[in-house]
Amino acid sequence: MPSMKAIKRRRLTVKNISQITKAMNLVATSKLQRARNNKAAIGRPVQDTFDIVYKTVSDESALEQPFVKPREVKNTAYVLITSNRGLCGGYNSNACKALAAHVKENGTNPVILPLGNKGRDYYKRRNGNLVDVPSPSETPSLAEAKQVADKLVKMYEDGQIDEVYLVYTQFFTVLSLEPIVRKVLPITPDYMRRVVGVDIEDGESWEDLGFFAKPDSNPASALNREIEFDSGMENVLRSVIPWYLSMYIYAAMASSALCEQAARMTSMDSATKNAGDIIEKLTLQFNRQRQSIITQEITEIVSGANALQ
C-alpha cells in the first residue's frame, strides 16, 4: 500500500494535470467557434465552384479530356489531412485507418501526400510511399491548398499518378466526426451531378461532402448561365481543374480543422472529468489510510495505559 506522502503527491500531480486539461478544453472551445465560422464562410464559394465544374465536365467535348477521361489505374494518390499535434482522441488514427482500409480495398499502389505531421509520422513508421508537402497551419488558407493542388496536377499530367482521393474528417456534431475518402480526379460527371444536387435520379442520393448544406431542388445560379468555351475545352480544363482542386482541398482542410478542435475539446473534457474521478478516489484512499493510522495510535495508547494499571 502506498504511503500517505505518495498518495498526497500523486493527488497534487493529477490536480495539476486537470488544470492543464481544463485550460486546453477552453482554448479548443474558442478555436472551435472560429473554425466553425471559417468553414461556414467558404461554403458558398465552394458550392459555386462545384456548380461551374459540373457544367464544364457535362459538356460532351470534355469527356475525352485528360482530367475527365478514366485511365488505367496503377498509382493512386491520397491526400491525407490530419493534425500537427495530438491530444485529440482518435481523430488522427481514424483518418489514417480509413485510408488504410481504402488502400486495401482498392488494390493499387498508394502514393500518400500527408497534410499534417501525425499522418506523415503514421505512414513513415510503416514505410509508406510519401510525397513531401508542407504541413498546413492551424488555420488553413487557400494558398496552402493551392500548393498541394498544383503538385497533384503536375503529377497527374506527368503520369506519376492515375487517380486522386482526398481523405479528411467530416463534421456532423461535436460528438459525431466521421473520416471519409472521396475521389477528386478524374472528375466523373455523374458524381459531380450528385454533389451539386442537380437532376437526382431515382435510387440516387445527394453526395454530402460536409462543405455546404443540401441544395434546393432548383439548379444553382451558376448552372442557369450558358457557358461558352472560346479557347477550347482542354485549355478551359487546365484553368478550371487547379481552381477546383484548390477549393476542394481548402474546404476539406477547413472541415478537418473544425473536427480537430471538436475532438480536442471532447478529449480534454473527458480527461478533466477522469482526473476529477481519480482525485476523489485518491482523497478517499488518503482519508482511509489516515483514519487507520489514527485508530492504530489510539489503540496503542489505550493498550499502554491499561498495561500501567
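Only a predicted model underlies this, so the values are computations on that prediction, with no experimental measurement involved.

This next bit is on the pairing of strand β4 (residues 176–185). Pairing between strand β3 (residues 163–173) and β4: 9 bridges, direction antiparallel. Bridge pairing in β4 places Y168 opposite I180. With antiparallel pairing between neighbouring strands as the criterion, β3 and β4 make up a hairpin whose turn holds 2 residues.

What follows is about the state of the cysteines. For the coordinates displayed, the defined rule picks out 0 disulfides. Cysteine C88 is unpaired, with the sulfur of C96 as its nearest cysteine sulfur at 11 Å. Residue C88 is classed as buried on the basis of its relative accessible area of 2%. Between C259, a cysteine without a disulfide, and C88, which holds the nearest cysteine sulfur, the sulfur-to-sulfur distance is 11 Å.

Following the criterion strictly, the structure yields 10 aromatic pairs and no others. Judged by centre distance (5.7 Å) and plane angle (80°), the rings of Y244 and Y248 are edge-to-face. With Y244 and Y248 both in helix α7 (residues 233–308) and 4 residues apart, the pair spans about one turn of that helix. Look at Y244 and you get buried, because its relative accessible area is 1%.

Over its 16 residues, helix α3 (residues 91–106) extends 23 Å from the first C-alpha to the last, a length consistent with the 22 Å expected when each residue adds 1.5 Å. Along α3, the residues that are buried comprise Y91, N92, A95, C96, A98, L99, H102 and V103. What you see down the axis of α3 is that its buried residues fit within an arc of 155°, all on one side. Seen from the buried face of α3, the exposed residues on the opposite side, beyond 90 degrees, are K97, K104 and E105. G107 sits one or two residues past α3 and shows a positive phi near 80°.

In terms of nonpolar packing, the biggest core is built from 55 residues, with F50, L152 and F211 touching the most fellow members. Those elements that place two or more of their residues in this core are α2 (43–57), β1 (75–81), β2 (109–115), α5 (142–157), β3, β4, α6 (189–196) and α7. The residues contacting L152, other than those within four sequence positions of it, are A77, V79, L113, I161, V164, L245 and I249. With 13 residues, the next largest nonpolar core counts Y78, L99, Y122 and V167 among its residues.

The next subject is the side chain of S256. Secondary-structure assignment places S256 in helix α7. Residues in contact with S256, not counting those within four places in the same chain, are I81, Y91, Y168 and T169.

Procedures and definitions
- Residues numbered from 1 in each chain as written.
- Predicted model: local features only at pLDDT ≥ 70, side-chain atom pairs only at ≥ 80, totals over all residues.
- Heavy atoms only, no water.
- Pairing = 2+ DSSP bridges.
- Helix = DSSP H or I, 4+ residues; strand = E, 2+ residues; numbered from the N terminus.
- Disulfide = S-S within 2.5 Å.
- Buried < 20%, exposed > 50% of the residue type's maximum accessible area, 1.4 Å probe, protein only.
- Phe/Tyr/Trp six-rings, centres within 6.5 Å; stacked < 30°, edge-to-face > 60°.
- Expected span 1.5 Å × (residues − 1).
- Arc of directions from axis to C-beta.
- Core = buried A, V, L, I, M, F, W, Y, C linked by side-chain atoms within 4.5 Å.
- Contact = heavy atoms within 4.5 Å.

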